[in-house]
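# Fold and geometry: a report
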Amino acid sequence: MTDPNQAQGTTAPGADATTVLPSDALEGSEVDQLRAALAAAEAKAADNWSAYLRIAAELDNYRKRAAREA
C-alpha cells in the first residue's frame with residue numbers, strides 16, 4: 001500500500017509528515033490559533049461521543065424495559 005501523502009504529492013520524497021510545510025510558513029500566532037481551534041474541535045468531539053454513549057445506553061435500557069413488560 002502506498003503512503004497517501006506520497007500519492008497526493010504533499011511531501012517530498014523521503015520526508016516525513018512533519019516536513020510538509022517550510023518552517024516559516026505559519027506565524028506563531030497562526031499556529032496558536034490552529035492549536036486552539038483543534039483543542040475546541042477535540043472537546044466538541046468528546047462531548048458528542050459522550051452524548052452518543054448516553055443515548056445508546058438509554059435506548060438499550062428502553063429495549064430491556066419493553067421486553068420485560070411484554
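Anyway, here's the lowdown on the structure attached to this text. Note that this is a predicted model, so its numbers are computed, not measured. (Residues numbered from 1 in each chain as written. Predicted model: local features only at pLDDT ≥ 70, side-chain atom pairs only at ≥ 80, totals over all residues. Heavy atoms only, no water.)

## Quick word on the overall build of the protein
- Helices and strands together make up the secondary structure of the protein, namely 2 helices and 0 strands.
- Taking all 70 residues of the protein together, the buried fraction comes to 1%. (Helix = DSSP H or I, 4+ residues; strand = E, 2+ residues; numbered from the N terminus. Buried < 20%, exposed > 50% of the residue type's maximum accessible area, 1.4 Å probe, protein only.)

## Brief notes about the pattern of salt bridges
- On inspection of all chains with the given rule, the structure shows 1 salt bridge.
- Between D60 and K64 there is a salt bridge whose closest N-O contact spans 3.3 Å. Remark: K64 and D60 occur in helix α2 (residues 28-69); sequence separation between them is 4 residues, near one turn of the helix.
- Classification of K64 by relative accessible area gives partly exposed; the value is 46%. (Salt bridge = Lys/Arg side-chain N within 4 Å of Asp/Glu carboxyl O.)

## A few points about the packing of aromatic side chains
- Per the stated rule, a full pass over the model turns up 1 aromatic pair.
- Taking the centre distance of 5.2 Å and the plane angle of 35° together, the rings of W49 and Y52 count as tilted. Taken as a pair, W49 and Y52 lie in helix α2 at a separation of 3 residues, close to a single helical turn. (Phe/Tyr/Trp six-rings, centres within 6.5 Å; stacked < 30°, edge-to-face > 60°.)

## Quick word on a nonpolar patch on the surface
- On the surface, a cluster of nonpolar side chains totalling about 360 Å² of accessible area is made up of W49, Y52 and L53.
- Within the fold, L53 resides in helix α2. (Patch = residues over 30% accessible without salt bridge, like charges linked within 9 Å, V, L, I, M, F, W, Y side chains within 5 Å. Areas by Shrake-Rupley, 256 points an atom, 1.4 Å probe, with all protein chains shown as cover.)

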